[in-house]
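One letter stands for each residue in the lines below.
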Amino acid sequence: MCGIAGLALRHPAQWAGGIVADMTDAIAHRGPDSDGHLSSSDQRVWLGFRRLAIRDLDARANQPMLSASGRTAVIFNGEIYNAAELAMKHCRGVPLRTTGDTEVFLESFERSGPAVFEQANGMFAAAFLDLISGEVTLVRDRFGKKPLFVHETPEGLAFGSELRVFRSFGLQADPNSLPFYLHFGYFPSPHTFFRDTTQIRPGEFIVVHRGEIQRRQRFFDVTQWSWGRGSTDPQGVGLQRELTDAVSIRTLSDVPIGGFLSGGIDSSLVAALLKTTGRSDLPMFTVAFRDGTADESPFAAEISKHLGLNHQMLPLDEGRLPKLIDDYLDCYEQPFADSSGLPSMLLCESVKQHVTVALCGDGGDEFFGGYARYDWFRRALLAQRVPHLARSLLGRLLPALDRRRGLRLQQLLEARDSAGLYTQLIGGSAFASASELLCDVPSARENPAEQLVRDLFSRVPADPLSQAACFDAAYYIPDDLQVKMDRASMRVALEVRSPLLDHRIANFGAELSTAAKFRDGQKTILRDELARFVPRHLFERRKHGFSVPLRAWLSGPLRDTVHEALRQRSVSECGWLNSKTLLRIERDYHAGRSELSTMLWLLFVLARCVDRAASSSPLVQSTRSPHIVSQQAA
């Protein structure tokens with residue numbers, strides 16, 4: 001687990017060494033153990049690396065790493081869990097110098113090229129340099145667990161693990177990408193908040209030569225799976241074996257390792273499977289909230305006691321959370337409206353004091369039907385079939401029961417098909433459209449968020465619930481969940497691994513029919529799996545999630561902060577934010593429209609990011625320095 005950065009230029013450039021050194025300095029938090037640099041002999045390609053040593057702690061495993069032949073170099077962020085299998089297939093006769101996965105990945109790529117990406121089971125973002133041809137191959141794993149950004153410049157391409165590596169290039173905000181953020185609360189790949197800056201998409205690699213992208217190809221596309229077509233093993237017999245292996249291979253580490261235990265189904269299942277692999281000695285960590293309504297630590301304690309786990313409770317001071325706003329903005333770098341990123345930062349801070357690697361339960365909801373929104377989606381689909389009079393009556397009655405959900409359901413009832421329904425259901429700006437919030441931004445009139453949903457639904461021949469889950473797997477997992485966990489964990493140099501996002505487990509869940517997936521309520525299959533280890537009464541309860549009390553914050557400790565942010569000169573002078581609409585939403589919220597809390601938070605984060613960009617914050621400020629590269633390939 002590390003940080004990578006580099007340049008692929010059109011012309012030789014001796015000055016590039018200092019830039020790449022600045023780039024790796026900017027992500028030193030991702031790899032505090034060592035750094036390294038390498039350039040091609042023609043000085044067109046420059047690679048930089050920061051290492052967090054996890055497997056094979058010897059200096060020979062440092063990067064950039066050269067292959068045994070000296071032809072190929074790699075910088076690699078992540079873990080390849082089936083490295084032993086790849087070594088047997090590709091590295092026979094190669095005198096391996098290390099015991100880690102980096103060298104196996106490198107040697108396998110040299111022999112098989114991009115074909116190895118599909119064979120690899122892991123999380124990775126990497127750059128492979130062919131020192132003979134000068135080609136650079138940039139790749140990102142199936143579910144985007146590891147980030148990889150690309151910034152186009154007149155000189156060529158810059159790339160790196162975080163947006164802050166491009167601070168020497170003076171990033172500029174791009175309002176055309178904002179309709180995505182305003183709807184989803186995140187930027188779906190390949191989009192970002194900045195001009196000329198994109199993300200490598202999950203399961204994609206690009207080939208760059210002399211500063212130009214020559215080829216762009218997907219080695220994996222989650223829409224190509226057989227979503228909802230019926231697993232040949234609907235009872236999950238084969239899943240038991242795959243789950244155990246997915247957890248077991250993720251315990252490989254030469255540094256202390258533990259796990260997150262929230263008390264929910266997914267993390268509890270991972271913890272239970274640790275016991276079956278003989279690793280019940282690994283410490284499991286639970287954060288304890290003072291707010292009893294959000295605190296699930298008692299449930300986690302009961303589960304760990306039943307399993308006989310090494311369990312540690314970590315008190316979390318919620319009072320710190322509103323004071324972390326500046327750190328939050330710096331951590332996530334661009335507008336990111338998932339407020340659970342705040343407690344995630346504190347969780348990772350606390351766990352890092354005990355271990356360097358942690359297992360988590362991400363992935364169970366998307367592939368096994370765990371979100372409440374799937375239930376609402378099912379209800380809305382049924383409501384669409386009700387005669388007009390009944391639908392109208394339903395729309396009038398529901399606001400009296402639950403104002404927020406009633407308003408949202410009224411919008412759902414007005415959607416013309418399943419894609420439109422799901423677009424509305426997952427919309428963060430449910431009470432104002434992008435065209436109302438943005439001025440003179442052509443994309444705001446085109447509703448690109450709905451176009452994105454419609455495009456995916458049209459490519460997935462499945463029932464609507466399977467299509468919705470596929471959308472979440474394609475975008476919500478890599479661009480929200482994995483962004484949240486990667487930035488929060490790597491901010492403190494903690495590696496987080498997700499057994500339920502093993503592609504074998506995910507594929508099993510994707511193929512389950514909707515009837516099997518919801519046979520006995522949500523997440524039937526995973527609940528049945530967990531029941532093999534833990535009595536149902538310990539986990540059969542309403543899902544809480546890892547949330548923060550937004551309404552209380554926006555009305556209390558953050559009220560003045562939000563007020564000032566929405567009135568900043570940078571917001572009114574940027575030319576593309578409608579200040580009147582922003583201020584109207586704030587007034588309506590404080591006048592009693594509490595259902596606007598999520599949207600107000602989204603706009604607050606955006607306003608602060610706009611101000612940071614306008615004021616040349618450290619994210620966009622040039623810091624060129626006369627560093628020299630420490631190594632040059634022959």
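First, a word on scope: everything that follows refers to the structure included in this document. Not measured: the values here are computed from a predicted model.

Once that is clear, we can look at the sheet that holds strand β6 (residues 122-130). Taken in spatial order, the six strands make up an open sheet running β4-β5-β6-β7-β11-β12, and their pairing is antiparallel. Strands with a single pairing partner mark the edges of an open sheet, and in this sheet they are β4 (65-66) and β12 (212-218). Two elements, strand β7 (residues 136-140) and strand β11 (residues 204-209), share four bridges in a ladder whose sense is antiparallel. Along β11, the bridge assignment pairs V136 with V208. Running over the sheet, helix α3 (residues 101-112) touches β4, β5 (72-80), β6 and β7 and is turned about 125 degrees from β5.

Moving on, we come to the nonpolar core. Grouped together as the largest cluster of nonpolar side chains are 193 residues, with contacts concentrated most on F105, F193, W227, F260, F367, F471 and W601. Top element by residues in this core is helix α18 (residues 464-490). It accounts for 15 residues. In contact with F260, not counting residues within four places along its chain, are S267, M284, F285, L347, C348, V351, A358, L359, C360, M485, L494 and V496. A8, A73, A127 and L138 belong to the second-largest nonpolar core, a separate cluster that totals 22 residues.

Our next topic: the sheet that holds strand β17 (residues 495-497). Within a sheet, each strand pairs with its neighbour through backbone hydrogen bonds, oriented either parallel or antiparallel. Read from one edge to the other, the open sheet built from five strands follows the order β15-β14-β13-β16-β17, with strand pairing classed as parallel. Every other strand in the sheet has two partners, leaving β15 (310-316) and β17 as the edge strands with one partner each. On average, adjacent strands in this sheet sit at an angle of 30 degrees to one another, irrespective of strand direction. As judged from the two bridges shared by strand β13 (residues 257-260) and strand β14 (residues 283-289), these two strands associate in the parallel manner. Bridge pairing in β14 places F260 opposite F285.

In total, this model carries 50 salt bridges according to the counting rule given. Among the ionic pairs, R519 bridges to D528, the shortest N-O distance being 2.6 Å. One salt-bridge network, held together by shared partners, links R30, K146, E162, R164, D330, E333, D486, R487 and R612.

Let us now look at the packing of helix α6 (residues 237-249) against helix α7 (residues 265-276). Two numbers describe how α6 lies on α7: the axes approach to 9 Å, and their chain directions differ by 85 degrees. As summarised for this structure, α6 and α7 are arranged roughly perpendicular, according to the angle between their axes. Of α7, the residues touching α6 (which contributes L243, T244 and V247) are L269, V270, L273, L274 and T276. The class makeup of the residues in the contact of α6 with α7 is six nonpolar, two polar and no charged.

Next up on the list: the packing of aromatic side chains. Any aromatic ring pair is given by two values, namely how distant the centres are and how the planes are angled relative to each other. Inspection of the entire model under this criterion finds 32 aromatic pairs. With a centroid separation of 6.0 Å and an interplanar angle of 35 degrees, the aromatic rings of F117 and F128 are classed as tilted. Of this pair, F117 sits in helix α4 (residues 115-119) while F128 sits in strand β6, and the two are eleven residues apart along the sequence. Here F117 and F128 have matching classes, each one buried. Between Y371 and Y476, the aromatic rings sit 5.9 Å apart at their centres with planes inclined by 85 degrees, giving edge-to-face as the arrangement. Here Y371 is found in the loop between α11 (364-368) and α12 (372-384), whereas its partner Y476 is found in helix α18, with 105 residues between them in sequence. By relative accessible area, which is 16% here, Y476 ends up buried.

Cis geometry marks the peptide bond from Q63 to P64; its omega dihedral reads 0 degrees. Relative to the assigned elements, P64 resides in the loop between β3 (45-51) and β4. The omega angle of the peptide bond from S189 to P190 is 10 degrees, so this bond is cis rather than trans. Relative to the elements of secondary structure, P190 occurs in the loop between α5 (178-184) and β10 (197-199). Positive phi is not limited to glycine here, since Q43 has a value of about 60 degrees. Phi is positive for A493, which is not a glycine, with a value near 60 degrees. Summarising the element assignment, A493 is placed in the loop between α18 and β17.

Below, the discussion takes up the pairing of β14. Of all seven residues in β14, seven are buried, a share of seventy percent or more. Burial along β14 is two-sided: P283, F285, V287 and F289 and M284, T286 and A288, pointing in opposite directions, are all buried. Once the chain exits β13 it traverses α7 before rejoining the sheet at β14, and the crossover so formed is right-handed. Across seven bridges, β14 lies against β15 in parallel orientation. The partner of F289 across the bridge, within β15, is L316.

The rules behind these values
- Residues numbered from 1 in each chain as written.
- Predicted model: local features only at pLDDT ≥ 70, side-chain atom pairs only at ≥ 80, totals over all residues.
- Heavy atoms only, no water.
- Pairing = 2+ DSSP bridges.
- Helix = DSSP H or I, 4+ residues; strand = E, 2+ residues; numbered from the N terminus.
- Contact = heavy atoms within 4.5 Å.
- Axes fitted to C-alpha atoms, helices over the stretch in contact; angles between N-to-C directions.
- Core = buried A, V, L, I, M, F, W, Y, C linked by side-chain atoms within 4.5 Å.
- Buried < 20%, exposed > 50% of the residue type's maximum accessible area, 1.4 Å probe, protein only.
- Salt bridge = Lys/Arg side-chain N within 4 Å of Asp/Glu carboxyl O.
- Parallel < 35°, antiparallel > 145°, perpendicular 65-115°, else oblique.
- Nonpolar A, V, L, I, M, F, W, Y, C, P; charged D, E, K, R; others polar.
- Phe/Tyr/Trp six-rings, centres within 6.5 Å; stacked < 30°, edge-to-face > 60°.
- Right-handed = clockwise from strand over helix to strand, strands pointing away.

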